[in-house]
Amino acid sequence: MGACSSTIGPEMTPEEVKKRRSETVKFRQTYLERAKKITPPPNCLLCVEVEPWIAAPEGVRGVDDALATFQRGSHTSTKEINMALSGMVSVDNKYDYKKSVVLSLKDKSSKDVITAAVMCEHNITNDVKVLELIWFVTQRKMEDKKYGSVLFRCIRDLAKQAGAKAILITSTPQATGFWLKHVNTLKDSEKFTTPVIRGKKLDKKMDEVPKNLSERRKLHFKELTRVNPVVRQPGADVRIFYGTQGGGFSGKPFRYNINSCSHIWLKVLSHNSKPLLSSGSTQSQSSSKPMRSNPSSLRGERKSREGIAKQATGGRAERRSREMKSKERSSGGSPNRKKKSKV
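Please read these numbers as outputs of a predicted model, since none were measured by experiment.

A. Geometry of the pairing of strand β2 (residues 100-107). Of all eight residues that make up β2, seven are buried, and the element is covered over most of its length. Across five bridges, the pairing between strand β1 (residues 44-48) and β2 is antiparallel. Its bridge partner being in β2, Cys47 is matched across the sheet by Ser104. For β2 and strand β3 (residues 113-123), the ladder comprises seven bridges, and the chain directions are antiparallel. Along β3, the bridge assignment pairs Val101 with Met119. Taken together, β2 and the strand that follows it, β3, pair antiparallel across an intervening segment of five residues, in which Lys111 is found at a positive phi of about 70°.

Next up, the structure:
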């Protein structure tokens, strides 16, 4: 399914396609370097697919084959995925995949793609960067084996290294339970006040999801949706990521609006959120800045020192007294008493 020049669009010349791909490759190489700092499980390879339009070897499941499962979606086509893999503009010319990143987790021995993802980097302002996770898929036979969770942890690590403030997941109704489960595992400091935004038109499809689940998963899904209430408009803590919205809120500038996908937001805490000393430093963090002592503790310390001093003084006086008595006994009396001379 590799993206070829015929799927790029007649509006771009071969030279323009070549230039665009060169820019995309250069951008993806920055994520390739970051991925080298992440250690995947021993039986897996974490890959940044810099040139995913190059077909995988025969008999090997490539990232394009993995993402082909989204063809069944009403809002996704093979051509749309090809555009994303190639870093081109979307089929409807409303979205640019120039800063797209294609990730995969592969079996170390067979090199088959187990799970794959496509995300895009957005610079909302000079100081605010967001990673949008558009597609995420795991081999059906590998589901429930935690590989999806492993890749998502890698994505969160990459987001930290890239300096992103947040990750946006545009989730289909069927995948919403999986993502809400991850939201529930986060610390309060990693959660937004209103992490789930969805349009009314998607409510009916969400209501149909539990019908295809087992009783256990159905209860779990209902609980996840209960503790993560949905809002129609972004709260104050995520509004900045949408920039200026003209007219009614729809979810721009991201690929899929809130009437086709739920927008699920996760915070990204920077590696530098807490100051760390260099490994070669012998000074502890607590001693790098003078600490103000508690007055009550100072009084306690002073009393303790006074008590120790009294004990030491009393001990010295007692030793001097014992020494004097010992001298008196050895001389037969007081050292000031004169001895009688013998006649």
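B. Structural view of the side chain of Gln139. Looking at where Gln139 falls in the secondary structure, it is placed in the loop between β4 (129-138) and α4 (147-162). Under the relative-accessibility criterion, Gln139 is labelled buried at 9%. Those residues in contact with Gln139, other than ones at most four positions away along the chain, are Arg61, Asp112, Val113 and Ile114.

C. Geometry of the confidence of the model for the chain. Summary statistics for the chain give a mean pLDDT of 80 and a share of 73% for residues scoring 70 or more. Residue range residues 272-305 is modelled with pLDDT below 50. Its contacts to residues more than four positions away, or to other chains, number seven contacts.

D. The arrangement of the nonpolar core in detail. Counting residues in each nonpolar core, the largest one holds 41 residues, and the members touching the most others are Tyr31, Met119, Leu133 and Ile155. In terms of residues, this core owes the most to one element, α4, which gives nine residues. Once you skip the residues sitting within four places of it in the chain, Ile155 turns out to touch Leu103, Ala117, Met119, Leu133, Phe136 and Ile167.

E. Spatial organisation of the environment of Val209. Note on placement: Val209 falls in the loop between α6 (203-208) and α7 (215-227). Judged by its relative accessible area of 9%, Val209 falls in the buried class. Sequence spacing of Val209 and Pro173 is 36 residues, and the spatial spacing of their C-alpha atoms is 6.8 Å. If we ignore the near neighbours within four places in the chain, the residues touching Val209 are Pro173, Gln174 and Phe221.

F. Spatial organisation of the packing of helix α5 (residues 176-184) against α7. For the pair α5 and α7, interaxial distance at closest approach is 10 Å and the crossing angle is 55°. Looking at the two axes, α5 sits oblique to α7. The two elements α5 and α7 cross, and the hand of that crossing is left-handed. Residues Gly177, Leu180, Lys181 and Asn184 of α5 pack against His220, Phe221, Leu224, Thr225 and Val227 of α7. The residue makeup of the contact of α5 with α7, split by class, is four nonpolar, four polar and one charged.

G. Main features of the side chain of Ser90. For Ser90, the location among the structural elements is in the loop between α3 (78-86) and β2. Polar contacts involving the side chain of Ser90 include one to the side chain of Asp92, which spans 2.6 Å. Those residues in contact with Ser90 that sit more than four places away from it in its chain are Glu80, Tyr95, Tyr97 and Arg255.

H. A look at the pattern of salt bridges. The tally for this structure, following the rule as stated, stands at 14 salt bridges. The salt bridge partner of Arg156 is Glu190, with a shortest N-O separation of 3.0 Å. Pair noted here: Arg156 is in helix α4 and Glu190 is in the loop between α5 and β6 (196-197), with a separation of 34 residues, a long-range link. Residue classification places Glu190 among the buried residues on the basis of a relative accessible area of 12%.

I. Examining the sheet that holds β2 more closely. Judged by pairing direction, the sheet is mixed, and its seven strands sit side by side in the order β1-β2-β3-β4-β5-β7-β6 without closing on themselves. Each of the sheet's edge strands pairs with one partner strand only, and the pair in question is β1 and β6. Here helix α1 (residues 14-35) sits on the sheet in contact with β1, β2, β3 and β4, set at roughly 40° to β2. Contacts from α5 reach β4, β5 (166-171), β6 and β7 (262-267) within the one sheet, and its direction differs from that of β7 by about 20°.

Rules and cut-offs
- Residues numbered from 1 in each chain as written.
- Predicted model: local features only at pLDDT ≥ 70, side-chain atom pairs only at ≥ 80, totals over all residues.
- Heavy atoms only, no water.
- Buried < 20%, exposed > 50% of the residue type's maximum accessible area, 1.4 Å probe, protein only.
- Helix = DSSP H or I, 4+ residues; strand = E, 2+ residues; numbered from the N terminus.
- Pairing = 2+ DSSP bridges.
- Contact = heavy atoms within 4.5 Å.
- pLDDT = per-residue confidence, 0-100.
- Core = buried A, V, L, I, M, F, W, Y, C linked by side-chain atoms within 4.5 Å.
- Axes fitted to C-alpha atoms, helices over the stretch in contact; angles between N-to-C directions.
- Parallel < 35°, antiparallel > 145°, perpendicular 65-115°, else oblique.
- Left-handed = near helix turned anticlockwise from the far one by under 90°.
- Nonpolar A, V, L, I, M, F, W, Y, C, P; charged D, E, K, R; others polar.
- Polar contact = N/O pair within 3.5 Å; in protein donor to acceptor, adjacent residues only side chain to side chain.
- Salt bridge = Lys/Arg side-chain N within 4 Å of Asp/Glu carboxyl O.

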